[in-house]
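# Topology and contacts: notes
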Amino acid sequence: MTILRFGLIGLGAHGARYARHLAAGEVPGATLSLACRRDREHGEAQARELGVAFTADYRKVLEDPA
C-alpha cells in the first residue's frame, strides 16, 4: 500500500486533532510529514511532539513535493 503523506496547514483546535490522528497512524494509508502554524513557538513544540517537520510559512507546505 502506498502511504499518502500530508502537510497540514493550521494546528489550532481542529488541526491539532487531525494532526494527532495522522501522526499516530490512525488513518490507514496516510501519515503526517509536515506541520504549519503561524505561531512559530507553539507550532515548533507541536511538531516536535508529533515527530514531524515544521514551517511557519504555508507556502512551504504547498511547494513541498513530498
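Quick note: structure is the one above.
Now for a description of the structure that goes with this document. If you're wondering where the values come from, they're calculated on a predicted model, not measured in any experiment. (Residues numbered from 1 in each chain as written. Predicted model: local features only at pLDDT ≥ 70, side-chain atom pairs only at ≥ 80, totals over all residues. Heavy atoms only, no water.)

### Describing the overall build of the protein
A count of helical and extended segments in the protein gives three helices and three strands. Along the protein, helices (α) and strands (β) appear in the sequence β-α-β-α-β-α when read from the amino end. When contacts within the protein are restricted to residue pairs at least 6 apart in sequence, long-range pairs at least 24 apart make up 49% of them. By element, 53% of the accessible surface of the protein is carried by carbon and sulfur atoms, the whole surface being about 4600 Å². (Helix = DSSP H or I, 4+ residues; strand = E, 2+ residues; numbered from the N terminus. Contact = heavy atoms within 4.5 Å. Areas by Shrake-Rupley, 256 points an atom, 1.4 Å probe, with all protein chains shown as cover.)

### Observations concerning the sheet that holds strand E3 (residues 53-55)
A sheet is described by the order of its strands in space; here three strands give the open sequence E1-E2-E3, paired in parallel fashion. The sheet terminates laterally at strand E1 (4-9) and E3, the two strands that pair on one side only. On average, adjacent strands in this sheet sit at an angle of 35 degrees to one another, irrespective of strand direction. Two elements, E1 and strand E2 (residues 30-36), share six bridges in a ladder whose sense is parallel. Residue pairing in the sheet places Leu4 in a bridge with Ala30 of E2. Helix H1 (residues 13-23) contacts E1 and E2 of the sheet and is inclined by roughly 140 degrees relative to E2. Across the face of the sheet, helix H2 (residues 40-50) comes into contact with E2 and E3 while running at roughly 165 degrees to E3. (Pairing = 2+ DSSP bridges. Axes fitted to C-alpha atoms, helices over the stretch in contact; angles between N-to-C directions.)

### Details of the side chain of Ser33
Position of Ser33 relative to the elements: it lies in strand E2. Those residues in contact with Ser33 that sit more than four places away from it in its chain are Arg5, Phe6, Val52 and Ala53.

### Observations regarding the environment of Ile3
Secondary-structure assignment places Ile3 in the segment before E1. Considered as a pair, Ile3 and Ala30 are 27 residues apart in the sequence and their alpha carbons are 5.2 Å apart. When near neighbours in sequence (up to four residues on either side) are disregarded, Ile3 contacts Gly29, Ala30 and Thr31.

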